[in-house]
Amino acid sequence: MKKDYIFTPGPTPVPHSVSVAQSKMIHHRSADFGELFSRVLDGLKYAFQTQNDIVVFASSGTGGLEAAVANCFSPGDKVAVFNGGKFGERFVEIASFFGLDVIQVAYNWGESANPSDCERVLSENPDIKGVMLTHSETSTGVVNDVEAFGRIVRQTPALFVVDTISGLCAAPFKTDEWGVDIAVGGSQKGLMTPPGLAFVAVSEKAWKAVETARLPRYYFCFKAARKSFSKTPPQTPYTPAITLLQALDVALKMIKDEGLENVWARHELFARATRAGVKALGLELFAKDSSRASVVTSVISPDGINSGDLVRLLRSKYGIFIAGGQSKLKGKIFRLGHVGYFDRYDIIVQLAAVEFGLKELGFPVELGTGVSSAMKILYEE
Ligand SMILES: Cc1ncc(COP(=O)(O)O)c(C=O)c1O
């Protein structure tokens, strides 16, 4: 018998109570749906730490990124994208696709975006309309300093657009306090819900930009969403992903009950334990400032071992789903997720599996070394 464990940094494990909440169908023009949707919007405000309007779309997170660009900008607008990985690249791709004038500030993968670069680029280009940053760059494990960027961008007319798809409810994120104008989240990571929902928190500054923005949008329209959401009870312009919203409602209650500060602290603890386990095995972390990498731990695959082989072996033999490297990191790193519905035993199981897998692939492992280091940290807390 072999159980399946999903330890990827998205999709992430879904609690049983969240899964079963999807089993009933209600109609979206009913009072029951209105109550559900108001609760969900309130819960999302708590998750994003915002009083801003939140727009919900039935799409994966990328739809939220596309909506951010399409609703706030006009063709030829200048934007600066701070790009240190696959999801920074996605911002570049979407903005370029929509005909924006993209200044790309690229970092070596594994490095964090530097706020002083933001200061420089904004002072050299006072006509910049938007600054785009990835909160948790899932492809490398790096968590960027959104707060420091926010302090700089808020002093300019530019909109601060942040992808917190894997960071939300995992690493600290404070939309209002940090001056984030557009924050984009997704359901399938820290929110412990199946994939299929995107959320966008929109500030007053961003709503002003929406009024004059000329890029085309139809389904992904903030104004249409706000008009329906502000009805009593709130509605959606089109058929919503009803069952996913039911699931999200339960997950948001779990987050509220645990308390966001505790949720962040749990992620930080599990990241620390994972790092200790990995280092005890003699492996090297990929993220340069790994102390911030609380969402996913990226690990350099040992010499002579293709990380894809480790990922495949763990899946086929042990039922353990971890992630390999993406794009140019394919084969070179593996990523241990600890985002969302994780407890301390998941951390131990994941490290144990890595030990089994690496040993089988020929890397010298004294079984239990990584697990034991992680357990000491988990026990002490
Ligand atoms: C930081 C980040 N941005 C964007 C995305 C894309 O989200 P989706 O696959 O839900 O469209 C992901 C998914 O892994 C992500 O981690």
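Above this text is the structure in question.
The structure contained in this document is the topic of the report that follows. (Residues numbered from 1 in each chain as written. Predicted model: local features only at pLDDT ≥ 70, side-chain atom pairs only at ≥ 80, totals over all residues. Heavy atoms only, no water.)

Right, let's get into helix α4 (residues 86–97). If you check α4, its first and last C-alpha atoms are 16 Å apart, about what twelve residues at 1.5 Å a residue would give, namely 16 Å. Every buried residue of α4 is accounted for by F87, G88, F91, V92, I94 and A95. Buried residues along α4 sit in contact with α3 (61–72), β3 (78–83), β4 (101–106), β5 (130–134), β6 (136–137) and β8 (159–163). (Helix = DSSP H or I, 4+ residues; strand = E, 2+ residues; numbered from the N terminus. Expected span 1.5 Å × (residues − 1). Buried < 20%, exposed > 50% of the residue type's maximum accessible area, 1.4 Å probe, protein only. Contact = heavy atoms within 4.5 Å.)

For Q350, the location among the structural elements is in helix α12 (residues 344–360). For Q350, the contacting residues outside a window of four places in its chain are F7, I322, L336, G337 and F342.

This part covers the packing of helix α10 (residues 260–280) against α12. Two measures define how a pair of helices packs: the angle their axes make with one another and the distance between the axes. The interhelical angle for the contact between α10 and α12, taken along N-to-C directions, is 20°, at an axis separation of 10 Å. Between α10 and α12, the interaxial angle falls into the category roughly parallel. When you trace α10 past α12, the crossing you get is right-handed. Between α10, through L269, F270, A273, T274, G277 and V278, and α12, the contact on the second element is made entirely by R344, I347 and L351. (Axes fitted to C-alpha atoms, helices over the stretch in contact; angles between N-to-C directions. Parallel < 35°, antiparallel > 145°, perpendicular 65-115°, else oblique. Left-handed = near helix turned anticlockwise from the far one by under 90°.)

So, on to the pairing of strand β2 (residues 53–57). The element β2 is extensively covered by neighbouring structure, given that four of its five residues are classed as buried. Direction of pairing for β2 relative to strand β10 (residues 198–202): antiparallel, over a ladder of five bridges. From the neighbouring strand, V56 faces β10, where its bridge partner is F199. (Pairing = 2+ DSSP bridges.)

Turning next to the site of the ligand. Around the ligand, a shell composed of 13 residues is seen, among which S60, T62, T138, D163 and K189 lie nearest. Between T138 and the ligand, the recorded distance is 2.4 Å, taken from a side-chain N or O atom to an oxygen atom. Taken together, the residues of the shell around the ligand sort by class into two nonpolar, eight polar and three charged. (Near = heavy atom within 4 Å. Polar contact = N/O pair within 3.5 Å; in protein donor to acceptor, adjacent residues only side chain to side chain. Nonpolar A, V, L, I, M, F, W, Y, C, P; charged D, E, K, R; others polar.)

Among all residues except glycine, the phi angle is most often negative; among peptide bonds, the trans geometry is most common. A cis amide bond, omega -10°, links G10 with the succeeding residue P11. Counting through the fold element by element, P11 comes out in the loop between β1 (5–6) and α1 (16–20). At the junction of T232 and P233, the peptide bond is cis and its omega measures out at -10° in the coordinates. As for its placement among the helices and strands, P233 is situated in the loop between α8 (222–229) and α9 (242–258). Phi angles above zero are rare outside glycine, and Q49 is one such case at about 55°. Within the element layout of this structure, Q49 appears in the loop between α2 (31–48) and β2. With a relative accessible area of 31%, Q49 lands in the partly exposed category. Phi is positive for S327, close to 45°, though the residue is something other than glycine. On the secondary structure map, S327 appears in the loop between β14 (323–324) and β15 (333–337).

For the rest of this paragraph, the subject is the pairing of β3. For β3, the tally of buried residues reaches six of six residues, placing the bulk of the element in the interior. The side-chain alternation of β3 yields two buried faces, one formed by K78, A80 and F82 and the other by V79, V81 and N83. In terms of strand pairing, β3 meets β4 through six bridges, oriented parallel. Looking at the pairing, N83 lines up with A106 of β4. A crossover links β3 with its parallel partner β4, the connecting element being α4, and its sense is right-handed. Sheet topology places β3 next to β5; four bridges connect them, and they run parallel. Across the sheet, residue F82 finds its bridge partner in β5, namely L133. (Right-handed = clockwise from strand over helix to strand, strands pointing away.)

L44, F82, V131, I182, L191 and F222 are the most contacted members of the largest nonpolar core, which totals 87 residues. Shared between two domains, this core holds at least three residues of each, these being domain 1 (16–257) and domain 2 (260–380). Each residue touching L191, except ones within four places of it in the same chain, is listed here: L44, A47, L168, C169, G186, F199, L248, A251, L252 and I255. Ranked by size, the runner-up nonpolar core spans 30 residues in total, among them L351, L358, V365 and A374. (Core = buried A, V, L, I, M, F, W, Y, C linked by side-chain atoms within 4.5 Å. Domains from an automatic or database assignment.)

If you walk across this open sheet you meet the seven strands as β2-β10-β9-β8-β5-β3-β4, and the pairing is mixed. Looking along the sheet, the strands with just one partner apiece sit at the ends: β2 and β4. Pairwise comparison of adjacent strand axes, ignoring direction, gives a mean angle of 20° for this sheet. Of the strands in this sheet, β2, β5, β8, β9 (182–186) and β10 touch α3, which is tilted by about 160° from β9.

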